[in-house]
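Listed below, chain by chain, are the residues.
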Amino acid sequence: GQKFQAVWVDNMTTGMMVGTGELSADGKTMTWNYQTNCPLTKKPTTMREIETITGPNSKTLEMWGIDPKSGKEYKCTFIEFKKQS
């Protein structure tokens, strides 16, 4: 699939996430892998995001982070987008 680059910045984090993404062959799923620094541990960590086209006017965004205590990945974000007509 196609490869992409991104920088994620928002008002709820303390720094930028820099990532690479790959679009699935059918063009419906974008998988992102981000590098960032954990504000709790002050060490590098990763975030994973999947954007999925779910219909002609809808998509979802799911994001996973690494729990700094257990080291296990957990889902931290789920958003459903629907285009209004």
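In what follows, the structure referred to is the one given above.
Analysis parameters
Residues numbered from 1 in each chain as written. Predicted model: local features only at pLDDT ≥ 70, side-chain atom pairs only at ≥ 80, totals over all residues. Heavy atoms only, no water. Phe/Tyr/Trp six-rings, centres within 6.5 Å; stacked < 30°, edge-to-face > 60°. Helix = DSSP H or I, 4+ residues; strand = E, 2+ residues; numbered from the N terminus. Buried < 20%, exposed > 50% of the residue type's maximum accessible area, 1.4 Å probe, protein only. Polar contact = N/O pair within 3.5 Å; in protein donor to acceptor, adjacent residues only side chain to side chain. Contact = heavy atoms within 4.5 Å. Core = buried A, V, L, I, M, F, W, Y, C linked by side-chain atoms within 4.5 Å. Salt bridge = Lys/Arg side-chain N within 4 Å of Asp/Glu carboxyl O.

**A closer look at the packing of aromatic side chains**
This model, assessed by the stated rule, comprises two aromatic pairs. Ring plane angle 75° and centroid distance 6.3 Å describe the contact between W8 and Y34, whose orientation is recorded as edge-to-face. Of this pair, W8 sits in strand 1 (residues 3–8) while Y34 sits in strand 3 (residues 29–37), and the two are 26 residues apart along the sequence. Accessibility expressed as a relative area gives 3% for Y34, which makes it buried.

**Some thoughts on the side chain of T36**
Looking at the element boundaries, T36 is found in strand 3. For T36, a relative accessible area of 14% translates into the label buried. From its side chain, T36 meets the backbone oxygen of M16 in a polar contact 3.2 Å long. Those residues in contact with T36 that sit more than four places away from it in its chain are M16, M17, K43, P44, T45 and M47.

**Here we look at the nonpolar core**
By size, the foremost hydrophobic cluster in this structure holds nine residues: A6, M17, L23, M30, W32, Y34, M47, L61 and M63. Elements represented by at least two residues in this core include exactly strand 2 (17–23), strand 3 and strand 5 (58–66). A total of three residues in this core trace back to one element, the largest contributor, which is strand 3. Once residues within four sequence positions are removed from consideration, M17 is found in contact with A6, V7, W8, Y34, Q35, T36, M47 and M63.

**Let's talk about the pattern of salt bridges**
Under the definition given, this model contains four salt bridges. A salt bridge links E51 to K59, with the shortest nitrogen-to-oxygen separation between them at 3.0 Å. Accessibility expressed as a relative area gives 19% for E51, which makes it buried. Residue class for K59 comes out partly exposed when judged on its relative accessible area of 27%. Linking K75 and E62 is a salt bridge whose minimum nitrogen-to-oxygen distance equals 2.8 Å. You can see K75 sitting in strand 6 (residues 73–82) and its partner E62 sitting in strand 5, a full 13 residues away along the chain. For E62, a relative accessible area of 17% puts it in the buried group.

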